[in-house]
Amino acid sequence: MIKMIRLIFILLCFLFCHVSFAQDELKRDLENKISQTNKFSEDYFLYTAQLARVIQLSDLDRSLVLINDAIKQEDVVVSSKNRIEILKIAISIYLYSNEFTAMNLAIEELLVAALRSKKPEDLSYANYYKGRGLSALNDTNSLSYFFKALKLAEKTNNDLLKSKLYYRISSYYADNENLVLENKYANYCLAAAIKSKDPEQLTLAWQAKGTYFFEQNKREVSKIDSTLIALKKGISIFNKNKDKIILQNQLGILQLNVAVHFYQFYMPFYKDSVETYANLALKNGLATNDKQVIINCNGLLSELAYKENDLDKVEKLLLKSKLKAESYKVKQPELLSKIYFALAKLYKKKNDPDQVVSFYELYVENYRLFIEKDRQRYSQLLDAKYELNKKRKQIKFLDDKSKAETKQKHLSLGIAVALFISLILIFMTYNYKLKYSIEQQKLLKVKTEEDRLRTQLLEEKAKLKTEEAARLEVEQELILAQKNKLQKELLAESLQVEYKNEILLQMKDKLFVENLNPQTIQNLSRIINNQMRLDKDFKTLKADIKGVNPEFIEALQKTSNHKLTQLDIKYCLYIKLNLSTKQMANLLHVEPSSIRMKKYRLKQKLNLSKDQNLSVFLNSI
């Protein structure tokens, strides 16, 4: 019985993840849309796939025909967006019907379509369904795909998708009995479902929490029954949003799990609660035609009848389950074998050997069919795994080949780049050598020209030096000639002065002999004395002029560009000897204003500015 209870809780997860049951109204609405839509319209096959999802419980064969028809259409007929939606529906139906080979093909096609779209949401759904496919094949790699899908989902605002992924991860840890991580991701699932405000996902999230609390209570009994709180919360959400929920059988599953929980932990005190919730679940199962809920409810009620030793009630419930199971369009030998075995066991207690033999034979036959079907399913599973591994090897081979080709391309590219760089280096080296050779030639040419110019310059310098020496010699001779001339002039003047002085002395002596007015004699004596004093000064000046450096006159001629006359040089000598304007005027027998004008003209010839002092300039030479 405990195994059956665990099976019922797991059954809920299976139904939520693999079944898409819709109301009859939705079925009729889709059929009307299909009949009114052009077959070549892209929406036609999307409606077909949606109808296949709705009828997969009631008519699986037709569901498979419809989805296969929708999935085989070319991309020119179906848009990429609708193609992805059709593939998602197809994968769910193939999972439910154990069509593992078709499921793998659809998953691969979905991955390719998502890679083309490059949308994080499409890529997340593709990895989500890849994880589901691997989970169905008992492949432990499924969890890595769920986390990869979750990473992509984090880039979107799709809280519903995130909640589904958290639920899947929580279920994985529940199967591996890791309660800590199961609870962690069940909490994430509930939080995302609350954000999404999707009533179906909310009931599923609360069911996940209820499953965790159920397992937790088995290990450690809590004062607060969190399992009941979670399951009843799910029932409350369903009842408030009944018209918005497509999966109407969710209510029956939640009610059945509440009944199982009461049976597990509260018998015999809450026997009435077990019966109440089991009957409510049975009513919902009959209304929604959910065969699994109906059979499990009858099984649970028959267990209660066994405990009361009410064999007639057990018989009635088991026969109801038998009729329901036999009414399935697709026979389920596993379920029938269990029912037949329970009936054989019941009739054995009632001492009815004929019924025992009859139902035991049916049990053996259906168990054989179940084993055969299970073997076929296992064979399909192995085949799907083989194809998956084969495809993985092909992908690995192609990946290795691609890597090798990429490596080869990189190597070739590297060699090409190296050759190109080598050519560039060779060209640069050649160009550098060529430029260097040209530069060397230019330098040699420049050096030759420099040597020629240097030789020419030396020759010019030598020539200039010779010319300068000759010019200096000529200037020196000219200066000497000027000096000699000046000395001759001074000598002549000196003789004249001596001659004049003799006459003046004679006149002075004669004045004293003559009887002249004393005043006149005094005036004439003063004039003669002044003249003689000037002559004395002239003698001193003559001695000073003789001491003047000849280079002074040469420097004056250079400064004036040889514009100075002999008289100009005489004036410059007087100024250099610090004679006053009056003294110069007396010596040269001219007016002082003429001396001042001469000084002005000398400044012009010597290229002096107005602010420069002529006397200071001449004394600096």
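Residues numbered from 1 in each chain as written. Predicted model: local features only at pLDDT ≥ 70, side-chain atom pairs only at ≥ 80, totals over all residues. Heavy atoms only, no water.

## So, the overall build of the protein
Note the following rule: Counting from the N terminus, the helices are DSSP H or I runs at least four residues long and the strands are E runs at least two residues long. Exposure classes here rest on a 1.4 Å probe applied to the protein chains alone. A residue is buried below 20% of its type maximum, exposed above 50%, and partly exposed in between. It only takes one pair of heavy atoms within 4.5 Å for two residues to be counted as in contact. Accessible surface area values rest on a Shrake-Rupley calculation with a 1.4 Å probe, where residue burial reflects the displayed protein chains alone.
Check the secondary structure of the protein and you find 24 helices and zero strands. Here the protein, with 621 residues, has 41% of them falling under the buried criterion. Pairs at least 24 apart in sequence give 63% of the contacts found in the protein among residues at least 6 apart. With an accessible surface of roughly 36,700 Å², the protein has 55% of that area assigned to carbon and sulfur atoms.

## Considerations on the packing of helix H8 (residues 142–153) against helix H9 (residues 159–175)
Rule in force here: Inter-axis angles, ranging from 0 to 180 degrees, are taken between N-to-C directions of lines fitted to C-alpha atoms, where helices are fitted over the stretch in contact. An angle below 35 degrees is read as roughly parallel, one above 145 as roughly antiparallel, one from 65 to 115 as roughly perpendicular, and any other as oblique. Each crossing gets its handedness from the near helix: less than a right angle anticlockwise from the far helix is left-handed, clockwise is right-handed. Gly is put with the polar residues, along with every residue not named as nonpolar or charged; the nonpolar set is Ala, Val, Leu, Ile, Met, Phe, Trp, Tyr, Cys and Pro, and the charged set is Asp, Glu, Lys and Arg.
The geometry of H8 relative to H9 is characterised by a closest axis approach of 10 Å and an angle of 155° between their N-to-C directions. The pairing of H8 with H9 is recorded here as roughly antiparallel in orientation. At the point where H8 passes H9, the crossing takes the left-handed sense. Mapping the contact onto sequence places Ser-142, Leu-143, Phe-146, Phe-147, Ala-149, Leu-150 and Ala-153 in H8 and Leu-161, Lys-162, Leu-165, Tyr-166, Arg-168, Ile-169, Tyr-172 and Tyr-173 in H9. Its residues placed into classes, the contact of H8 with H9 shows 12 nonpolar, one polar and two charged.

## Notes on the nonpolar core
Where we set the bar: For our purposes a nonpolar core is just a set of buried Ala, Val, Leu, Ile, Met, Phe, Trp, Tyr and Cys residues, chained together by side-chain atoms within 4.5 Å.
Judged by nonpolar contacts, the single largest core of 69 residues is most densely connected at Ile-67, Ile-86, Ile-91, Tyr-94, Met-103 and Leu-165. With nine residues, helix H5 (residues 80–96) is the single largest residue contributor to this core. Leaving out residues up to four positions away in the same chain, Met-103 has contacts with Ile-91, Tyr-94, Leu-95, Gly-133 and Leu-137. Within the second largest apolar cluster, 26 residues are counted, among which are Leu-254, Tyr-263, Ala-278 and Cys-297.

## A short note on the pattern of salt bridges
Where we set the bar: By definition here, a salt bridge exists when the distance from a side-chain nitrogen of Lys or Arg to a carboxyl oxygen of Asp or Glu is within 4 Å.
Under the criterion given, the structure shown has 19 salt bridges. Salt-bridge contacts for Lys-313 lead to Glu-275; the nearest nitrogen and oxygen are separated by 3.8 Å. Separated by 38 residues along the polypeptide, Lys-313 in helix H16 (residues 311–326) and Glu-275 in helix H14 (residues 271–288) bring together distant segments of the chain. We classify Lys-313 as partly exposed; its relative accessible area is 32%.

## Comments concerning unusual backbone geometry
Note that the residue after Met-267, namely Pro-268, is joined by a cis bond; omega there is 0°. Within the secondary structure layout, Pro-268 lies in the loop between helix H13 (249–265) and H14. With a phi close to 60°, Lys-197 is a non-glycine residue in the positive phi region. Residue Lys-197 is classed as exposed on the basis of its relative accessible area, which comes to 69%. Unlike most non-glycine residues, Asn-561 shows phi in positive territory, near 60°. Relative to the helices and strands, Asn-561 resides in the loop between helix H20 (550–559) and helix H21 (566–576).

## Let's talk about the side chain of Glu-315
Inclusion rule: As used in this structure description, the phrase polar contact means that two N or O atoms lie within 3.5 Å; if the pair is within protein, one of them must be able to donate a hydrogen and the other to accept it, and residues adjacent in sequence are counted only when both atoms belong to side chains.
Relative to the assigned elements, Glu-315 resides in helix H16. Take Glu-315: its relative accessible area is 17%, and that puts it in the buried class. A distance of 2.6 Å separates a polar atom in the side chain of Glu-315 from a polar atom in the side chain of Lys-350. Each residue touching Glu-315, except ones within four places of it in the same chain, is listed here: Leu-346, Tyr-347 and Lys-350.

## Digging into helix H17 (residues 333–349)
In plain terms, the rule: Here a helix's expected span is defined as the number of its residues, less one, multiplied by 1.5 Å.
The terminal C-alpha atoms of H17, which comprises 17 residues, lie 24 Å apart, in line with the 24 Å expected from a rise of 1.5 Å per residue. Three or more residues of H17 are buried, namely Pro-333, Leu-335, Leu-336, Ser-337, Ile-339, Tyr-340, Ala-342, Leu-343, Ala-344, Leu-346 and Tyr-347.

## Some words on the confidence of the model for the protein
Formally: Summary of the metric used: pLDDT quantifies the predictor's per-residue confidence within the range 0 to 100.
In the predicted model, the protein carries a mean pLDDT of 80, and 81% of its residues have values of at least 70. Of all the helices and strands in the protein, helix H1 (residues 2–18) carries the lowest mean pLDDT, 38, while helix H10 (residues 179–196) carries the highest, 93. Counted against residues more than four places away or in other chains, residues 1–22, with its pLDDT under 50, gives 62 contacts.

## Observations concerning the environment of Phe-146
Checked against the element boundaries, Phe-146 lands in helix H8. Judged by its relative accessible area of 1%, Phe-146 is buried. As a C-alpha pair, Phe-146 and Lys-130 span 16 residues in sequence and 8.3 Å in three-dimensional space.

## Examining the packing of aromatic side chains
Applicable threshold: Working definition: rings of Phe, Tyr and Trp (its six-membered ring) pair if their centres are within 6.5 Å, and the pair is stacked with planes under 30 degrees apart, edge-to-face with planes over 60 apart, and tilted otherwise. Put simply, a charge is over a ring when the Lys NZ or the Arg CZ is close to the ring centre, within 6 Å, and near the line of the ring normal, within 35 degrees.
Overall, the coordinates contain 24 aromatic pairs when judged by the stated rule. Cluster of aromatic residues (ring-pair linked, three or more members): Phe-147, Tyr-166, Tyr-172, Tyr-173, Tyr-185 and Tyr-188. One cation-aromatic arrangement involves Lys-88 over Tyr-125; the distance from NZ or CZ to the ring centre is 3.6 Å. Positioned over the ring face of Tyr-145 is Lys-130, at 5.9 Å from the centre of the ring.

## Description of a nonpolar patch on the surface
The cut-off we apply is this: Only residues whose relative accessible area exceeds 30% and that form no salt bridge are eligible for patches; like-charged ones are grouped when within 9 Å, while nonpolar side chains (Val, Leu, Ile, Met, Phe, Trp, Tyr) are grouped when within 5 Å.
Together, Leu-413, Val-417, Phe-420, Ile-421, Ile-424, Leu-425, Phe-427 and Met-428 make up an exposed nonpolar region whose accessible area comes to about 780 Å². Within the element layout of this structure, Ile-424 appears in helix H18 (residues 353–513). For Ile-424, a relative accessible area of 33% puts it in the partly exposed group.

## Quick word on the packing of helix H15 (residues 291–307) against H16
Orientation of H15 relative to H16, taken along the N-to-C sense of each, is 165°, at an axis distance of 8 Å. Relative to H16, the element H15 is oriented roughly antiparallel. Both H15 and H16 take part in a crossing whose hand is left-handed. Residue-level contacts link Lys-291, Ile-294, Ile-295, Asn-298, Leu-301, Ser-302, Ala-305 and Tyr-306 of H15 to Leu-311, Lys-313, Val-314, Leu-317, Leu-318, Lys-320, Ser-321, Lys-324 and Ala-325 of H16.

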